[in-house]
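One letter stands for each residue in the lines below.
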Amino acid sequence: MKEPLVSVVMGSSSDWNVMQHAVAVLKDFDLPYEARVISAHRTPDAMFEFAETASQRGIQCIIAGAGGAAHLPGMIAAKTTVPVLGVPVNSRYLKGLDSLLSIVQMPKGVPVATFAIGEAGAANAGLFAVAVLANNQHSIRDRLNVFRREQAENVAAMQLPEHDRIG
């Protein structure tokens with residue numbers, strides 16, 4: 001089994017419903033990854049150890065999903081130089097807006113790339129991780145180019161029913 005290049009972490013197993021979409025993208029591109037639950041609030045020592053050792057373990061990108069106060073992506077970013085991609089997970093009361101604002105409002109000097117709330121954000125974080133890795137690995141770049149070409153072909157092939165067309 002290949003050593004993971006991407007780490008997908010979430011604050012709770014309940015975040016898996018969203019974060020599995022990032023993992024699905026990584027699987028589609030056959031990228032080695034690890035997925036784990038690490039809580040910024042309930043397991044801070046484990047979170048610090050994870051972040052501090054990510055680079056030496058060969059992790060090149062971290063996708064961190066969190067809901068509510070959503071401290072996980074920022075706290076990981078504070079303890080590593082590995083790029084952190086933050087995914088706001090939908091929350092019960094504020095529908096993920098609280099998570100989005102917590103992740104996107106990082107102080108100057110501790111960047112977290114922030115994606116859309118929910119499943120689309122998780123999938124796009126996965127694709128962003130693919131793009132980051134594609135910079136240095138031609139085989140990944142080739143697969144990403146094929147993916148983009150297929151997306152364009154799928155859109156070009158879309159047809160509207162006759163009565164919905166304009167003109």
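Residues numbered from 1 in each chain as written. Predicted model: local features only at pLDDT ≥ 70, side-chain atom pairs only at ≥ 80, totals over all residues. Heavy atoms only, no water.

A. Structural detail: a nonpolar patch on the surface. Where nonpolar side chains cluster on the molecular surface, the patch consists of Tyr93, Leu94, Leu97, Leu101, Val104 and Ile117 and spans about 600 Å² of accessible area. Tracing the sequence through the fold places Leu101 in helix H4 (residues 97-104). What makes Leu101 partly exposed here is its relative accessible area of 46%. (Patch = residues over 30% accessible without salt bridge, like charges linked within 9 Å, V, L, I, M, F, W, Y side chains within 5 Å. Areas by Shrake-Rupley, 256 points an atom, 1.4 Å probe, with all protein chains shown as cover. Salt bridge = Lys/Arg side-chain N within 4 Å of Asp/Glu carboxyl O. Helix = DSSP H or I, 4+ residues; strand = E, 2+ residues; numbered from the N terminus. Buried < 20%, exposed > 50% of the residue type's maximum accessible area, 1.4 Å probe, protein only.)

B. Structural context of the nonpolar core. Ranked by size, the top nonpolar core spans 27 residues in total, and within it Val6, Val8, Met19, Leu26, Ile63 and Val130 carry the most contacts. Those elements that provide at least two residues to this core are strand S1 (6-10), helix H1 (16-28), strand S3 (61-66), strand S4 (84-88), helix H5 (119-134) and helix H6 (138-156). Per element, the largest residue contribution to this core is 7 residues, and it comes from H5. Counting 19 residues, the second-largest nonpolar core is a separate cluster that includes Met47, Ala66, Ile76 and Ile103. (Core = buried A, V, L, I, M, F, W, Y, C linked by side-chain atoms within 4.5 Å.)

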